[in-house]
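# A closer look at the structure
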Amino acid sequence: MLQVNFIKENQELTIAGLQKKNLPNAEEAVSKALVLDQKRRDTQKELDDTLAQSNSISKQIGMLMKEGKKEEAEQAKAQTGELKSKSKELEEVLREVSVELTEHLYTLPNLPHESVPVGRSADDNETVLTQGEIPKLHDGAKPHWELISDYDIVDFELGNKVTGAGFPFYKGKGARIQRALINFFLDEAIAAGYFEVQPPIMINEESGYGTGQLPDKEGQMYEATADKLYLIPTAEVPITNIYRNEIIDEAALPIKNVGYTPCFRREAGSWGAHVRGLNRLHQFDKVEIVQIRKPEESYQALDEMIDHVKGLLEKLELPYRILRLCGGDMSFTAAITYDFEVYSAAQERWLEVSSVSNFEDYQANRLKLRHKVDGKTQLLHTLNGSALALPRILASILENNQTPEGINIPKVLQPYCGFDKI
């Protein structure tokens, strides 16, 4: 979340950033944060003064008793009793206003980087790179939802029977391609210096608040209500929360982790061709890369992560483009986001397969994720990116590589699959 001291010292900048993120009533939101912060400071000062006065009088009581001034000592005891009662009231007021301030700060999104374009929706995103050749398909080429049925490699009806819509079964060569993609993405990340972790796929409430899924995306996550646990929407959440409430040793930086997990999202979208087949699911597999960096290094790290995702798509021989998201299309927590989209030839449309984001110190402030600089603690920066999400990658591979004789497997995946064609 935003730091209240930063808001106080940069009010106009904060208002402009919140407006760029299309937050309604940005000025009122900033004003409320400052009013609550001042109330918290005033209450804290009054509490400190009250406690100091109580301690001072308490020290006098013994002296008065020794001097035989019993009546004055009794008056002092009564006064300390009143001050203790007042201090308890002030402690409760301080607790309430601190909670109110924190809850209000939770409603404020991260401020966008200066390079983020102004806009309200995906239509306002900026294309920064288009790479690769759009494949020309043979007559009679099919979209992937027909191909997976023809070759019996993904079964939506069986998934619907066992669980519900958006939970497919991968079968035979379909399952083997999934495993191949996961292993390929993990191996590439490890070769790039990432440390592999396999995190839990459920998180507690504190972890959800730590990375910003709560309270912003509570309705989009599956919840195990009896235990107040949530199925993860991305491996970013458990991997970044490894470092919650930690002061990282200088020698441990930079931190680069990679993890594979299934991901779960309730908002699978509306009906229509754009969400058919593998285009949007409730459960999907993804390999995630996460970095923890010093503030002065985080944008260099962002470039490294973008280059890493580019390399994966080029090795898979998929045409892709990179979009810099506008303020209105970015996530609540990101300072800047680049989306990667691959071209799906039979659908004749671009499909998002990765988001790479720098959160600067927004998540770190929630997480209390710090390191020491000249003896003082400083917030670190967090970054993450999909490297990669599988469903739309598979959809594009199937569509772009189909021939009348079958579907060719990209060369880089063939050693992982154990076959070169479906």
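The following paragraphs examine the structure supplied in this document. (Residues numbered from 1 in each chain as written. Predicted model: local features only at pLDDT ≥ 70, side-chain atom pairs only at ≥ 80, totals over all residues. Heavy atoms only, no water.)

### Remarks on the environment of Arg-321
Under the convention used in this document: Counting from the N terminus, the helices are the DSSP runs of H or I reaching at least four residues and the strands are the DSSP runs of E reaching at least two. Here a residue-residue contact requires only that any non-hydrogen atoms of the pair lie within 4.5 Å.
Mapped onto the fold, Arg-321 is located in strand E11 (residues 320–324). Taking C-alpha positions, Arg-321 is 7.2 Å from Thr-127, a pair spaced 194 residues apart along the chain. When neighbours within four sequence positions are excluded, Arg-321 is seen to be in contact with Leu-129, Thr-130, Asp-339, Phe-340, Glu-341 and Trp-350.

### Structural notes on unusual backbone geometry
Counted only if it meets this: Burial classification: accessible surface area is computed with a 1.4 Å probe over protein chains only, and a residue below 20% of its type maximum counts as buried, one above 50% as exposed, and the rest as partly exposed.
Cis geometry marks the peptide bond from Leu-253 to Pro-254; its omega dihedral reads -5°. Examined against the element boundaries, Pro-254 turns out to sit in the loop between strand E8 (247–248) and strand E9 (255–264). Cis geometry is found at the peptide bond from Ala-387 to Leu-388, where omega equals 10°. Summarising the element assignment, Leu-388 is placed in strand E16 (residues 381–389). Phi at Asn-25 is positive, roughly 55°, even though this residue is not glycine. On the secondary structure map, Asn-25 appears in the loop between helix H2 (11–20) and helix H3 (26–66). Exposure remark for Asn-25: the relative accessible area of 53% places this residue in the exposed category. Here the phi dihedral of Asp-152 falls at roughly 55°; this positive angle occurs in a residue that is not glycine. Topologically, Asp-152 is positioned in the loop between helix H5 (144–150) and strand E2 (154–155). On the accessibility criterion, Asp-152 (43% relative accessible area) is partly exposed.

### Quick word on the packing of aromatic side chains
Note the following rule: Two rings from Phe, Tyr or Trp (for Trp, the six-membered ring) form a pair when their centres are within 6.5 Å of each other. A pair whose planes differ by under 30 degrees is stacked, one over 60 is edge-to-face, and the rest are tilted. Whether a charge sits over a ring comes down to the Lys NZ or Arg CZ being within 6 Å of the ring centre and within 35 degrees of the ring normal.
Counted by the stated rule, this structure contains 7 aromatic pairs. Measuring from centroid to centroid gives 5.1 Å for Tyr-343 and Trp-350, while their planes differ by 70°, and the two rings are edge-to-face. Members of the aromatic cluster, connected to one another through ring pairs, are Phe-184, Phe-185 and Tyr-416. Positioned over the ring face of Phe-419 is Lys-173, at 4.7 Å from the centre of the ring.

### Topic: the side chain of Asn-241
Let me state the cut-off plainly: We define a polar contact as two N or O atoms separated by no more than 3.5 Å, with the added condition that, inside protein, one atom must be a possible hydrogen donor and the other a possible acceptor, whereas residues neighbouring each other in sequence contribute only through side-chain atom pairs.
With respect to the helices and strands, Asn-241 occurs in helix H9 (residues 236–241). The class for Asn-241 is buried, based on a relative accessible area of 8%. Only 2.8 Å separates the side chain of Asn-241 from the side chain of Arg-244, close enough to count as a polar contact. With sequence-adjacent residues up to four places away left out, Asn-241 is seen in contact with Glu-206, Ser-207, Gly-210, Thr-211 and Leu-367.

### Digging into the environment of Ile-289
Structurally, Ile-289 is set in strand E10 (residues 283–293). Between the C-alpha atom of Ile-289 and that of Gly-259, which follows or precedes it by 30 residues, the distance is 6.8 Å. Each residue touching Ile-289, except ones within four places of it in the same chain, is listed here: Ala-189, Tyr-194, Asn-257, Val-258, Met-305, His-308, Leu-383, Asn-384, Gly-385 and Ala-387.

By themselves, these figures tell us nothing about what the structure is for.
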